[in-house]
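Residue-level structure breakdown
Chain residues, written in single-letter form:
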Amino acid sequence: MKGDVGLLKCLQCGGFTRLIQDAIIWYSSGDTMSVLHFDNVDNINCVLDGRKELFVVDKKDSHHIDFDRLEEGYSSVDVTNVDMLKYPGLRDIPYFWVDLFPGDCLYLPAGWPHHVTSSCGRSLAVNVWFAHSPWFDADSCAETELSEFKALTQYPYSSSNEHLRSKILLLAADYVEFTETDMWNLYSDYFGSKNQLHKVFRFLDSNLDDIVSWSEFYKVDADTFIKLFPWLYEPKESGTLGHTEL
């Protein structure tokens, strides 16, 4: 059914098309709910029919939640009958309440805890998951003609290692470009020596101008990129949604 679902215009440029991890259609007869959980990738949830209600918590307030199933990314709390003695952090947690109706979409950043309830009656929605990126490729938006409808079939899923690339690059989110010294300051704890980092820097600096730009970071495919930082992770095979946290 991917051919019947279009990619939102806001994702058609900026680098998002190379970050798409998965897309899922959610269909139910209604009155269903999720556990309180978080995702390790960004996602956009769009309602096509029915109504969804979301309890959403900012990532910075997630310490209030007891994620007793942390490996799976969720809490065992009964969301319909919360035991405040067992889960006292939920008493005063700041949160957002979101109602989604047909035609509405909600962006949920990676790491933001949320719980979803579908209303009575038919419920139909689409989720698009994409790896979080600290860089917005503005040049690509100037070069891309945005379309009212571009089927998801036109966009192959990216390697699950894009998520790991993002985790590595988040350390550099405040930089515009990078000298070798910048990279040493950022990643010295992860390299055995400056010579080791020098080899990585030269590999990334494709135009040999002694500066690594964000576009050069992303010019290398994700599977190759993370092999430059092998001591940071245990790699997952490309094409799966399983992720190993740094």
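These lines cover the structure that appears in this document, whether it is placed above or below. (Residues numbered from 1 in each chain as written. Predicted model: local features only at pLDDT ≥ 70, side-chain atom pairs only at ≥ 80, totals over all residues. Heavy atoms only, no water.)

Digging into the packing of helix α3 (residues 180–187) against helix α4 (residues 194–204)
- Between α3 and α4, the shortest axis-to-axis distance is 10 Å and the interhelical angle comes to 125°. Taken together, the axes of α3 and α4 lie oblique to each other. Like other packed secondary-structure pairs, α3 and α4 cross with a definite hand, here right-handed. Along the contact surface, α3 presents Glu180, Met183 and Trp184, while α4 presents Lys194, Leu197, His198, Phe201, Arg202 and Leu204.
- For the contact of α3 with α4, the class distribution of residues is five nonpolar, one polar and three charged. (Axes fitted to C-alpha atoms, helices over the stretch in contact; angles between N-to-C directions. Helix = DSSP H or I, 4+ residues; strand = E, 2+ residues; numbered from the N terminus. Parallel < 35°, antiparallel > 145°, perpendicular 65-115°, else oblique. Left-handed = near helix turned anticlockwise from the far one by under 90°. Contact = heavy atoms within 4.5 Å. Nonpolar A, V, L, I, M, F, W, Y, C, P; charged D, E, K, R; others polar.)

A word on helix α2 (residues 161–169)
- For α2, the buried fraction is high: eight of the nine residues fall into the buried class.
- The secondary structure elements touched by the buried residues of α2 are β1 (20–30), α3, α5 (214–219) and α6 (222–226). (Buried < 20%, exposed > 50% of the residue type's maximum accessible area, 1.4 Å probe, protein only.)

Structural notes on the nonpolar core
- Formed by 37 residues in total, the largest nonpolar core has its most connected members in Tyr187, Leu204, Phe217 and Phe225.
- Among the elements of the structure, β1, β2 (42–49), β7 (120–130), α2, α3, α4, α5 and α6 are those that each provide at least two residues to this core.
- Tallying contributions element by element places α4 first for this core, with four residues.
- Setting aside residues no more than four positions away along its own chain, Phe217 makes contact with Arg165, Leu169, Phe178, Met183, Leu204, Val212 and Phe225.
- Counting residues in each nonpolar core, the second largest holds 10 residues, with Val57, Phe67, Tyr87 and Ile93 among its members. (Core = buried A, V, L, I, M, F, W, Y, C linked by side-chain atoms within 4.5 Å.)

Notes on unusual backbone geometry
- Although it is not a glycine, Leu208 sits at a positive phi angle of roughly 55°.
- Checked against the element boundaries, Leu208 lands in the loop between α4 and β9 (212–213).
- The class of Leu208 is exposed, set by a relative accessible area of 65%.
- The backbone phi angle of Asp210 is positive, close to 65°, even though this residue is not glycine.
- Residue position: Asp210 is located in the loop between α4 and β9.
- When its relative accessible area of 43% is taken as the criterion, Asp210 is described as partly exposed.

Details of the state of the cysteines
- Enumeration over the complete set of coordinates arrives at two disulfides.
- The disulfide partner of Cys13 is Cys141, and the gap between their sulfur atoms is 2.0 Å. The sign of the 85° torsion about the S-S bond sets the Cys13-Cys141 disulfide as right-handed. Of the two residues, Cys13 is situated in the segment before β1 and Cys141 in helix α1 (residues 138–143); the sequence distance between them amounts to 128 residues.
- For Cys141, a relative accessible area of 23% corresponds to the partly exposed category. (Disulfide = S-S within 2.5 Å.)

Thoughts on the packing of aromatic side chains
- Throughout the structure, instances matching the rule amount to 15 aromatic pairs.
- Centroid distance Phe55 to Tyr95: 5.0 Å. Interplanar angle 35°. Geometry classified as tilted. Here Phe55, found in strand β3 (residues 52–56), pairs with Tyr95, found in the loop between β3 and β4 (96–100); they are 40 residues apart in sequence, far enough to count as distant.
- Classification of Phe55 by relative accessible area gives buried; the value is 14%.
- Pairwise contacts between aromatic rings join Tyr175, Phe178, Tyr187, Phe191, Trp214, Phe217, Phe225 and Phe229 into one cluster.
- Seen from the ring of Phe225, Arg165 lies directly overhead, with NZ or CZ sitting 5.1 Å from the centre. (Phe/Tyr/Trp six-rings, centres within 6.5 Å; stacked < 30°, edge-to-face > 60°. Lys NZ or Arg CZ within 6 Å of the ring centre and 35° of its normal.)

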